[in-house]
Amino acid sequence: MSAEPRMPVLFICHGAGPFMFIKDEDHPTRKVLKGLDSSSNLVHFNEHNIYNIVQGHFPPHVKSPTAIVLISAHWVVKGDKFNLSGKEYYSGYFDDFTNRFPIPEDVLAKCGYGAKVDLALAEKIRKLFEEHGIHAELDDKREIDQGAFVPLTQILPEAKVPIVSMSILESFDPEIHIRAGKALAELRSQGVLIIGSGSVTHDLTRTSTSEEAHQFVAELKKVLESKDFKHKEEVLCDWKKTLPFATKCHPHPEDHFIPLLTVAGAAQDSHAITLHEEWVWDGARSNASFLFVD
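Fair warning: this is a prediction, and the values are worked out from it, not measured in the lab.

1. Section: the overall build of the chain
In step 1: Helix and strand content of the chain: twelve helices and ten strands.
In step 2: Counting all 294 residues of the chain, 57% fall into the buried class.
In step 3: Across the chain, every contact between residues at least 6 apart in sequence was considered, and the portion connecting residues at least 24 apart equals 82%.
In step 4: Working note: accessible area of the chain is about 12,200 Å², and carbon and sulfur atoms make up 51% of it.

2. Re the packing of helix 7 (residues 174-184) against helix 12 (residues 258-267)
In step 1: As a packed pair, helix 7 and helix 12 sit with axes 6 Å apart at the nearest point and diverge in direction by 40°. One finds that helix 7 runs oblique with respect to helix 12. Relative to helix 12, helix 7 is oriented so that their crossing is right-handed. Contacts from Pro174, His177, Ile178, Ala180, Gly181, Lys182 and Leu184 in helix 7 reach Ile258, Leu261, Thr262, Gly265 and Ala266 in helix 12.

3. Quick look at the pattern of salt bridges
In step 1: Per the stated rule, a full pass over the model turns up 17 salt bridges.
In step 2: A salt bridge links arginine 179 to glutamate 175; its shortest N-O distance comes to 2.9 Å. Placement of the pair is arginine 179 and glutamate 175 together in helix 7, with a separation of four residues, close to one helical turn.
In step 3: A residue is classified by how much of its surface remains accessible, and arginine 179, at 26% relative accessible area, is partly exposed.
In step 4: In this structure glutamate 175 comes out as partly exposed when scored by relative accessible area, which is 37%.
In step 5: Put simply, Arg6, Arg188, Asp269 and Asp294 are held in one network by salt bridges that share partners.

4. With respect to helix 12
In step 1: Within helix 12, ten of the ten residues are buried, leaving the element largely enclosed by the surrounding structure.
In step 2: Of the residues making up helix 12, those classed as buried are Ile258, Pro259, Leu260, Leu261, Thr262, Val263, Ala264, Gly265, Ala266 and Ala267.

5. Focus: unusual backbone geometry
In step 1: The amide bond that connects histidine 252 to the next residue, proline 253, takes the cis arrangement and shows omega of 0°.
In step 2: With respect to the element layout, proline 253 can be found in the loop between helix 11 (246-249) and helix 12.
In step 3: The phi dihedral of alanine 159 is positive, around 55°, even though this residue is not glycine.
In step 4: At glutamine 268, a residue that is not glycine, the phi angle is positive and equals roughly 50°.
In step 5: Relative to the helices and strands, glutamine 268 resides in the loop between helix 12 and strand 7 (271-276).
In step 6: A residue is classified by how much of its surface remains accessible, and glutamine 268, at 23% relative accessible area, is partly exposed.

6. Some details on the side chain of threonine 262
In step 1: With respect to the secondary-structure elements, threonine 262 resides in helix 12.
In step 2: With residues near it in sequence (within four places) discarded, threonine 262 still touches Ile71, Met166, His177, Ala180, Gly181 and Leu184.

7. Points about the packing of helix 7 against helix 9 (residues 229-237)
In step 1: Where helix 7 meets helix 9, the closest approach of the two axes is 9 Å, and the angle between their N-to-C directions is 145°. Classified by chirality, the crossing of helix 9 by helix 7 is right-handed. Two secondary-structure elements touch here, helix 7 through Pro174, Glu175, Ile178 and Lys182 and helix 9 through Phe229, Glu233, Leu236 and Cys237.
In step 2: Taken together, the residues of the contact of helix 7 with helix 9 sort by class into five nonpolar, no polar and three charged.

8. Section: the side chain of serine 289
In step 1: Mapping serine 289 onto the fold places it in strand 10 (residues 289-293).
In step 2: By relative accessible area, serine 289 is classed as buried at 1%.

9. Some details on the environment of aspartate 173
In step 1: Along the polypeptide, aspartate 173 turns up in the loop between strand 5 (163-169) and helix 7.
In step 2: On the basis of relative accessibility, which here comes to 31%, the residue aspartate 173 falls in the partly exposed class.
In step 3: Each C-alpha atom of the pair aspartate 173 and cysteine 237 lies 8.3 Å from the other, and the pair is 64 residues apart in sequence.

10. As for the pairing of strand 10
Taken residue by residue, a regular strand's side chains alternate between the two faces of the sheet.
In step 1: A large share of strand 10 lies buried, amounting to five of its five residues.
In step 2: Here strand 10 shows a buried face lined by Ser289, Leu291 and Val293 and a second buried face lined by Phe290 and Phe292.
In step 3: Taken together, the three bridges between strand 1 (residues 9-13) and strand 10 define a ladder with antiparallel strand orientation. Residue pairing for strand 10: valine 9 is matched across the bridge by phenylalanine 292.
In step 4: Pairing between strand 7 and strand 10: five bridges, direction antiparallel. Opposite alanine 272, over in strand 10, you have phenylalanine 292 as the bridge partner.

Rules used throughout
- Residues numbered from 1 in each chain as written.
- Predicted model: local features only at pLDDT ≥ 70, side-chain atom pairs only at ≥ 80, totals over all residues.
- Heavy atoms only, no water.
- Helix = DSSP H or I, 4+ residues; strand = E, 2+ residues; numbered from the N terminus.
- Buried < 20%, exposed > 50% of the residue type's maximum accessible area, 1.4 Å probe, protein only.
- Contact = heavy atoms within 4.5 Å.
- Areas by Shrake-Rupley, 256 points an atom, 1.4 Å probe, with all protein chains shown as cover.
- Axes fitted to C-alpha atoms, helices over the stretch in contact; angles between N-to-C directions.
- Parallel < 35°, antiparallel > 145°, perpendicular 65-115°, else oblique.
- Left-handed = near helix turned anticlockwise from the far one by under 90°.
- Salt bridge = Lys/Arg side-chain N within 4 Å of Asp/Glu carboxyl O.
- Nonpolar A, V, L, I, M, F, W, Y, C, P; charged D, E, K, R; others polar.
- Pairing = 2+ DSSP bridges.

So this is what it looks like as C-alpha cells:
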C-alpha cells in the first residue's frame, strides 16, 4: 500500500445514458430499450449517495477533487494514440446513438455539461504517457459523450470541478489500457479523481444467461477485491480467457469493459468495494459500480 494518502479510483456503470430523459413511453427508443430500466442509474447515483461514499474515502486534506479524469467507453479511437480533451469547454454533445436509437432534439438539448476542461492537466497526462512509452494527443473538436455525461451530471451536477475526458483504443488491447492506468496512478496523490465509465457486463445481443453473467461478475469481483496488483494485472491482461463467459458477457466490441482495465491499472494495489449492484434483463446484465480504496 502506498504510504502517501491517495484518492480512490471509481468505476461506474453509466446505464442507458440520455434515454433516461425520454418520458414518452410510446417513443420508439423507449420501446426498443424496454426492460433495461434506463432510470436505474439515476436512482443508484442519487438515492444511494454514491458520491458521498466516494467522498468519504478522500484523503483527510481533500474536500473536493482538484480535477476529474474520466475514461469513457463511448470514446473509441483508431490507431495507437489515446485522445484527451483539448477544448476548454464542451459546447455540445457527441451523439453516437443516432443511427441505432434516435434521441429527440429536446433530450439532446439537456445533454450538456458546463465544467471547464483542465487543458494543463490534459497536456500533463500526454507527457506522462509519453514518459511511459504511450502515445496520446489532445482533440480540440470532441464534445462530451454518454460515458462522461451521465456520471458527471449525476454525481457533480454543479460542474465546478475541472475535467479531462480520455478515450480508449479500438484495439481494446488489455495491456496498453492497464499500462495507461498505471501512468495515471501518480495523479491520485495530487487530488485527482480517476473515473472509468462503462459496464461490468454489456451483452446487447442478450444471448448470455443470468447464470453465465453471475459467474463472470463473481470471478471478476474476486480479482478486483484483491490487493495483489501483480495477480490482478495477470488476470486482466488475459481476461477473455481467465474470466468465465467473458466473451458472452462482452461480445465484440468489448468497449464497455475496457475503462475498467485502465481503472484497475490506476488503482494498483487498492482493493475494490462494490458501491451498488443491480441486475436487469432477467438477471443477465449487471449494473455494478466499484470504488478502489487503500
